Every structure is written in C-alpha cells, then in structure tokens.
Amino acid sequence: MTTAPWRDPALPAAARVDDLLSRMTLEEKAAQLYGVWVGAATDGDGVAPHQHDMTVEYSDEAWAELITRGLGQLTRSFGTAPVDPALGAQALARAQRRITEAGRFGIPAVAHEECLAGFTAWQATAYPVPLAWGATWDPPLVEEMARRIGADLRSAGVHQGLAPVLDVVRDPRWGRVEETIGEDPYLVGTVGTAYVRGLESAGVVATLKHFAGYASSAGARNLAPVRAGTREFADVTLPPFEMALREGGARSVMAAYTERDGVPASADPELLTGLLREEWGFSGTVVADYFGIGFLQTLHRVAGTPAEAAHAALEAGIDVELPSLKCYGDPLVDAVRSGEIPEDLVDRAARRVLLQKCELGLLDEDWTPEPAGTVELDSTGNRILARRMAEESVVLLDNPDGLLPLAPDTRIAVIGPRAADALAMLGCYSFPSHVLTHHPGVPTGIEIPTVLDALRTELPDAKVTFAPGCDVTDPDTSGFEEAVARTAEADVCVAVLGDRAGLFGRGTSGEGCDATDLALPGAQGELLDALVATGVPVVLVLLTGRPYALGRWHGRLGAVVQAFFPGEEGGPAVAGVLSGRVNPSGRLPVSVPQVPGGQPWTYLQPPLGLAGEVSNLDPTPLYAFGHGRSYTTFAWEDGTGGAEPAEIGTDGTYDVSVTVRNTGDREGAEVVQLYLHDPVASVTRPDVRLVGYQRVRLAPGEAARVLFRFHTDLSAFTDRSGRRVVEPGALELRLAASSADVRHTAHLTLTGPVRVLGPDRRLRCETEVTDAG
C-alpha cells in the first residue's frame, strides 16, 4: 500500500516531488545535488583533470555516514576499474540497496557512465569514435548504435550517459577533436540528435556536452579561454545543442569547463538559465563537468571559497555537482544556514533532480536495483553494428591511378607503428585506452583485430610482411632500414600511421593531448618519406583522432585511406576497403589541411578567411569538408537550377533536387550535400555552409531522385543587434559532393521584410528520396 503521496505513481510527478521536498531536511535536499566517486585514483594519473587534487577518498565508515542523507548520483561504477560486467551490475545493485536502506526516504542514486564510443566498461563493445560517426553521414545508423549502447547501460543498472559531445571543431589541433562529430554545426546537430534519440529511446538520460564553447578555446589548448564572438557562439556553437534538445529530447546538459569573455560557463546564468531554460524551454537537469564547480575557485578564481563556488553554480543553474561532492555538501549547507545562500536555490535544483528520478521510476515503491536479465556488453549484434559503423566511416581520400583495391595475390609490405597495435583502433574514451592503461596485465576484454591481422585474413593468398618502422612519438629512426627493405621486396606498401589515444599528454590525441601543429606525430612523416623514396607504390592508411596535413605527399602516394579511430571492428573494415570487399563511402567531417602549421582552419570562413591577394599563406585544404571517393562512379543529372533566380518570400520554401545514378559496376553510396551561399548580408557570412545532406545507396545502374525542401529559416543568422533574422536578397543553393565540389546551383531571391525568428524556427532541411528508374 502506498504510504505517502510522493510514492503514488498515479499522481503527477510535480505533485509527488512537491510532497517529497516538503518532508526533506536541508541536508537531505542538498544530498540530491551531488555524486560520489568511489574508488577514483588520487595518485596524479587519473582520467579527469586535477583528479589527484580534487578527489576525496571515503572510508567505509565515512561512506555509511554520508548516505544517511541520501545521494544524488553514483559516479562511474563500471568506468573506474576493470570489473566483470555481471559482477559489476550486482555490486551496483548492492550499493543502491545500501543507499536506499540508509536514508529516511529510500531514494536510490542515479548511476551515470561515460558512453562516448560505447559503454566505457570492461568487456563492452568499443564502437568508432564520434568523429567517425560524422564520417558516416548516416544519422539512422548512429541512432541504432546509440539505442544498443543505451540498452547495455540499462542492463547493467546505469541511468544516465555522459554523451554526446556536440562541440563543433574550430581548431583541429585541439586534443578532443576525436570526441566531436565534425567542423560543421548542421552535421554535428543532425548526427548528435540521432545519437540522443537512440540513447533516450532505451530509457537512458542523454547528457549534452560541453555547454558551451569548449571547442573554441584559444590556441586549441584544453580548458583555455574561449575567444568566440557573439555571432560565432550563436550561429556555430549553439545550434547543435538546440537541435538535440528540441528534436532529440535530451534530458540533461553538462556545463563546459571554459569561460567566454571572462564568464565561466559554470557560473553563467544567462547561458544556463536565460538561454537554456527560459528561451529554449529545457526542463531537465544541468550537471557539472567533473570538478567544474570547484574549478570556479581553484582555476577560474571567481569564487574565494567552496561555498562561494556553490552559490555561483547554483545561481547560474547547475543542479548536480560531479563527480564527487566538493562544494554542494557541507559548505553549501552551512552557507544556507548562515543566510549566505538562499535555500530556494537548493529547492530549485533538488526539484529538478527529483523530477528526473521520478521519470526514471526511482521514486516508485516497486523499484528494484537488480538487473532484469543477463549482462552481455559485447554481443554478436553489437559487433555486427560496430563493423557496419566502421565500414561506413572509412574515407577514401585519394586513389588517383586505381591502385586500390589491392590484387588478391600481391606482395604487401605492411609498415608503420599503428599496423599491429589493437589500441590504434580506439579513442581516449574507450575503456582499454581510458582505464586499462592504469591496470597493466589486465586483458583487453574484447577482441580487436589489428590492420595487419585483418589484412592477412582478408587476402589469404597475398604475401604479407611487416615492420613497424618507428614508434608513434619517439623520434628514433633506427627501424627505417628494415621498413625500407621490406617495402623494396614488395609490390605495394601499406603504411599504417596515426595517433595513440590518451589523456592529459599521455597520447597524441584525446583529452588534454593538444597539438602544436598538424604534422604527423614523431618520426612518422620521415618514415613515410623513406617509404615513398623506394619507388614502390605506397597506400597511406591513417588511424587518427584528428586530420593531419598531407600536402607534403600529395601526388606521391598510390592511395590515401583515412579512418578516425574506427573501433573494435576497425581493422577488418580498413582491410575490407583495401581488398575491395567494402566499397568506401565515408565522407570527411573535417577538412584535411595542406600544411601543418600556422593555419588552424575549418571550412566555415567568410571571404577574408579564404585564399586571396592579401596574404601569401593559402589556407585552402588539401581535401575539403565532405570529400570522399568510391570504387564506383555516380552521375548527377537534372539538377534543379537555372540562370534565372526563383523568387520566394523570406518565410517561404523552395524544393531543390537532383537525380543521382550509379554508373559503375558495383553497389555504392553517394552523399548528396546541400550548401548555402549568401552573396550579400548585413554581417560577414561563411562563403558556404551545409544546410542539408542525404546518403543514398545505389546498385549498379540504379538511380534515385534526391529532393531537399529548403526553408528560409535555414538561411538565418545573428545580425548586429543579436537577433536571428532572415534577410531579403539573393541566395544560392549548391548541390555538391563536398564543400568544394559543386555539381548544380539554384539561384533564389528572397523578397519581403527582414523576418526575426523565435525559438520555434526550423532547424532541419527535410529530404525525400524516390526511385528514378
């Protein structure tokens, strides 16, 4: 029998929470506003910034005393140390039982985990990193992957996933580029929204991060101040978050570490309350990035004490302190008791937290922490999907003379430090790279074929030899001699180069692993020079977390294949592209530069950001955003457009379409991209920007008509007064195979008054694909 209104599932959630709050002490309400990280390392070699000096260790007695108040969240029960998933689920259930039995109200904690490239747990599927999701240009596939990740999280007792990252790449030297989806807000928004839908459909709370501006840090340094101006912030940084909230239904947002124009995001009420809640209507929870509230005191120095940091964060709108209590515990309670902090700020945050717990069923009397079934985190279905994700994400950058696919019986010298290393497939938030490096001797827990092993399996009749040549970062060149000798004996060399994912300087890509320039790490560039000098055709395979400058070798390589940390099935996916079993269909989510230094660049540039007479430096990329080749050919026929512009109102729509035909002899996928060019505007605009795309798979000879229903809302931008407007005047809609490869252009003239848009603006270009015979 229900004993109190807050336990009654027949009542509205708001009424239940109001009843519960009325019964709670200040200490009990504050306890709902923080997480606890049991077992986190404090030795200076952690997985979060300043973990060594911000983490609190709890004795069993202290833990028992702490949970008598209740607890908001449990931090990373699976992602802190290797634990068998089934045993981990049982341990989490025991911890939840202990929490519910200790507190007066028996409220369990929300258990959260990282899930950036799959559930960050031992023996869980390691999917491709988000930059590879962007390379697929396939939101439905990303949604399916996220649904599987969510189901695995729920099976283990986890309620909240700290993903996706919706930061838009602004400088590819930034270490966390691998965690992003790309350099365009429309691509990031649509793919990220698909991930959110998938995770939320499994009943897991998706957490958008990092809100907002984190990727615009000065000099690409992790946590450095953000220099983004008002229009860049509004038109590049924010749209993916808005889309993922409005269309994806994300129920949580993580505040960024960084500050913009002197105001840290974690202490910015205009951002976390004014924009997020009042303008966008968000009603979920805002959580701190790990130690982000404490950093208001220690790193930003906008607070003098933990209580002042708590006050600033609560007032801004952060509901939950993660990963462990530093400011929202006793310092907050004492400050409220003394009158320094209004108790209604605590009530506001506690209400949001408890409403979400109510949605998750954690306030129901029949809630149980025990897993409903078996916990299997790397199922056959997962691996099949991981393989498909990897295969769709591999980008064939160049194949000028048709060297690929490789002949089945050829002599192949596989060279390079990434060829025989399973970790070459994984990003910094995969469990083996993120956690297992701190536990030497513990097996990986999942099967990860290397490129070398996969190529030998893929081409059993080929004669394959191997030499590493060099290390990823060590400048030692003593291995070049053997690498050159193996290459000289072969018909073709496959050079497998790239990054080692890590954290805080322990890798060449990943959180805190920022780059001074975009040259290949270590001696790998010199190794590639030596291999090319043999005269044997070289296929360059890159396994990286960011783009690297390749202009030095342009025209000297037989083929170039780019894979962005493609996950546990990445080796077979790359080998499949090399053999021809897989017809490559990935497209670049980031531009690939010509030269390594001096020009951090994305394609979203106004005229003076492009090549011109005013500078001797040419920032034009070697391979443009959206670029990718195939083993088949496509004809683009009957594209909408003409010499005379069509007239539509500033609130109108226009259909632009093209027929794409597979004119080759094998099945393949083309990605039709729609770009907007605004010749004259009241503020400078990017020369082109993506406003729509559609991936189309076609059999030989098959054709499809791809239609984009462009609405003028998609031409909107932030004007000088800070309003989002649609202006009258000329526009061009460009149907293209990349941002630099335009196939058809439609000219428009928008007529009527300047139109100011509200929060109900259209965010997406609807597409239709029909059979064209």
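No experiment lies behind these values; they were computed from the predicted model shown.

Each value, and the rule that gives it
Residues numbered from 1 in each chain as written. Predicted model: local features only at pLDDT ≥ 70, side-chain atom pairs only at ≥ 80, totals over all residues. Heavy atoms only, no water. Helix = DSSP H or I, 4+ residues; strand = E, 2+ residues; numbered from the N terminus. Rg over C-alpha atoms; globule rule 2.2 N^0.38 Å. Buried < 20%, exposed > 50% of the residue type's maximum accessible area, 1.4 Å probe, protein only. Areas by Shrake-Rupley, 256 points an atom, 1.4 Å probe, with all protein chains shown as cover. Lys, Arg positive; Asp, Glu negative; His and termini not counted. Charge placed at Lys NZ, Arg CZ, Asp CG, Glu CD. Axes fitted to C-alpha atoms, helices over the stretch in contact; angles between N-to-C directions. Parallel < 35°, antiparallel > 145°, perpendicular 65-115°, else oblique. Contact = heavy atoms within 4.5 Å. Nonpolar A, V, L, I, M, F, W, Y, C, P; charged D, E, K, R; others polar. Arc of directions from axis to C-beta. Pairing = 2+ DSSP bridges. Core = buried A, V, L, I, M, F, W, Y, C linked by side-chain atoms within 4.5 Å. Salt bridge = Lys/Arg side-chain N within 4 Å of Asp/Glu carboxyl O. Phe/Tyr/Trp six-rings, centres within 6.5 Å; stacked < 30°, edge-to-face > 60°. Lys NZ or Arg CZ within 6 Å of the ring centre and 35° of its normal. Polar contact = N/O pair within 3.5 Å; in protein donor to acceptor, adjacent residues only side chain to side chain.

1. Side note on the overall build of the protein chain
Now for step 1: Along its length, the protein chain carries 21 helices and 27 strands.
Now for step 2: In terms of overall dimensions, the protein chain is globule-like: its C-alpha atoms have a radius of gyration of 26 Å, near the 28 Å expected for 773 residues.
Now for step 3: Counting only C-alpha atoms and orienting by the principal axes, one finds that the protein chain spans roughly 75 × 70 × 50 Å.
Now for step 4: Of all 773 residues assigned to the protein chain, the portion counted as buried reaches 62%.
Now for step 5: With an accessible surface of roughly 26,700 Å², the protein chain has 48% of that area assigned to carbon and sulfur atoms.
Now for step 6: If you average the places of the 65 positive and of the 103 negative side-chain charges in the protein chain, the two averages end up 2 Å apart.

2. A short note on unusual backbone geometry
Now for step 1: The omega angle of the peptide bond from Ala163 to Pro164 is 5 degrees, so this bond is cis rather than trans.
Now for step 2: Position of Pro164 relative to the elements: it lies in the loop between strand 4 (160–161) and helix 8 (185–201).
Now for step 3: Residue His210 follows Lys209 across a cis peptide bond; omega there is 5 degrees.
Now for step 4: Locating His210 in the fold gives a position in strand 5 (residues 205–211).

3. A short note on the packing of helix 9 (residues 230–237) against helix 10 (residues 239–246)
Now for step 1: For the pair helix 9 and helix 10, the least separation of the axes is 5 Å and the interaxial angle reads 40 degrees. With respect to helix 10, the axis of helix 9 lies oblique. On helix 10, the residues that touch Ala234, Asp235, Val236 and Thr237 of helix 9 are Pro239, Pro240 and Phe241.
Now for step 2: A per-class count over the contact of helix 9 with helix 10 returns five nonpolar, one polar and one charged.

4. Describing helix 20 (residues 524–533)
Now for step 1: If you check which residues of helix 20 are buried, you get Gln524, Gly525, Leu527, Leu528, Leu531 and Val532. Angular distribution of buried residues about the axis of helix 20 spans 155 degrees; they occupy a single face of the element.
Now for step 2: Elements that come into contact with the buried residues of helix 20 comprise strand 11 (411–415), helix 19 (480–488), strand 13 (492–498) and strand 14 (538–544).

5. Structural notes on the packing of helix 13 (residues 306–316) against helix 14 (residues 330–337)
Now for step 1: Direction vectors running N to C along helix 13 and helix 14 enclose 80 degrees, while the axes themselves pass 8 Å from each other. Classified by the angle their axes make, helix 13 and helix 14 are roughly perpendicular. Of the residues in helix 14, those in contact with Pro306, Ala307, Ala310 and Leu314 of helix 13 are Pro331, Leu332 and Ala335.
Now for step 2: Residues belonging to the contact of helix 13 with helix 14 are distributed by class as follows: seven nonpolar, no polar and no charged.

6. With respect to the sheet that holds strand 21 (residues 703–711)
Pairing between the strands of a sheet comes from backbone hydrogen bonds, and it takes one of two forms, parallel or antiparallel.
Now for step 1: Here four strands make up an open sheet; going across it, the order is 16-18-21-27 and the pairing antiparallel. Strands at the two margins of the open sheet, each flanked by one partner only, are strand 16 (634–637) and strand 27 (766–771). Ignoring strand direction, the axes of neighbouring strands in this sheet form an average angle of 25 degrees.

7. As for the environment of Tyr603
Now for step 1: Looking at the element boundaries, Tyr603 is found in the loop between helix 21 (570–579) and strand 16.
Now for step 2: Taking the C-alpha atoms as reference points, Tyr603 and Pro371, 232 residues apart in sequence, are found 47 Å from one another.
Now for step 3: Beyond its immediate stretch of four places on either side in the chain, Tyr603 contacts Glu183, Asp184, Ser591, Phe625, Tyr675, Val688, Arg689, Leu690 and Ser739.

8. As for the nonpolar core
Now for step 1: By size, the foremost hydrophobic cluster in this structure holds 208 residues, and its most contacted members are Tyr195, Phe211, Tyr328, Leu332 and Leu550.
Now for step 2: If we skip the residues at most four places from it in the chain, Leu332 touches Ala30, Leu33, Ala310, Leu314, Cys327, Ile341 and Val346.
Now for step 3: Grouped together as the second largest cluster of nonpolar side chains are 37 residues, Ala126, Leu406, Ala559 and Val561 included.

9. Digging into the pattern of salt bridges
Now for step 1: Taken as a whole, this structure holds 56 salt bridges when the rule is applied.
Now for step 2: Glu200 serves as the salt-bridge partner of Arg251, at 2.7 Å between the closest nitrogen and oxygen. Here Glu200 lies in helix 8 and Arg251 lies in the loop between helix 10 and strand 6 (252–255), a separation of 51 residues in the sequence.
Now for step 3: Take Glu200: its relative accessible area is 13%, and that puts it in the buried class.
Now for step 4: Salt bridges sharing common partners tie together Asp138, Glu144, Arg388, Glu392 and Arg695.

10. Some details on the pairing of strand 6
Now for step 1: Of the two faces of strand 6, the one lined by Ser252 and Met254 and the one lined by Val253 and Ala255 are each fully buried.
Now for step 2: In this structure, strand 5 lies alongside strand 6, joined through three bridges in parallel fashion. Note that in strand 6 the partner of Thr207 across the bridge is Ser252.
Now for step 3: In the sheet, strand 6 pairs with strand 9 (residues 285–288) via four bridges, with the strands oriented parallel. The residue bridging Ala255 from the neighbouring strand is Ala288, located in strand 9.

11. Overview of the packing of aromatic side chains
Now for step 1: This structure, assessed with the given rule, holds 16 aromatic pairs.
Now for step 2: Between the aromatic rings of Tyr214 and Tyr257, the centroid separation amounts to 6.1 Å while the plane-to-plane angle is 80 degrees, which identifies the pairing as edge-to-face. Of this pair, Tyr214 sits in the loop between strand 5 and helix 9 while Tyr257 is found in the loop between strand 6 and strand 7 (259–260), placing the two residues 43 residues apart along the sequence.
Now for step 3: An aromatic cluster is present here, built from Trp37, Trp174, Tyr214, Tyr257, Tyr290, Phe291 and Phe295 joined pairwise through their rings.
Now for step 4: The cationic tip of Lys209 hangs over the ring face of Tyr429; the distance from NZ or CZ to the ring centre is 5.6 Å.

12. Observations regarding the side chain of Asp713
Now for step 1: With respect to the element layout, Asp713 can be found in the loop between strand 21 and strand 22 (717–718).
Now for step 2: Among the polar contacts made by the side chain of Asp713, one reaches the main-chain amide nitrogen of Arg762 at a distance of 2.9 Å.
Now for step 3: Beyond its immediate chain neighbours, meaning those up to four positions away, Asp713 contacts Val726, Arg755, Leu757, Arg761 and Arg762.

13. Digging into helix 11 (residues 269–279)
In an α-helix, one full turn covers 3.6 residues, which means residues spaced three or four apart are oriented alike.
Now for step 1: Of all the residues in helix 11, the buried ones are Leu271, Leu272, Thr273, Leu275, Leu276 and Arg277.
Now for step 2: Its side-chain oxygen 3.1 Å from the backbone nitrogen of Glu270, Asp268 forms the N-cap of helix 11.
Now for step 3: Within two residues after helix 11, Gly281 carries a phi angle of roughly 80 degrees, on the positive side.

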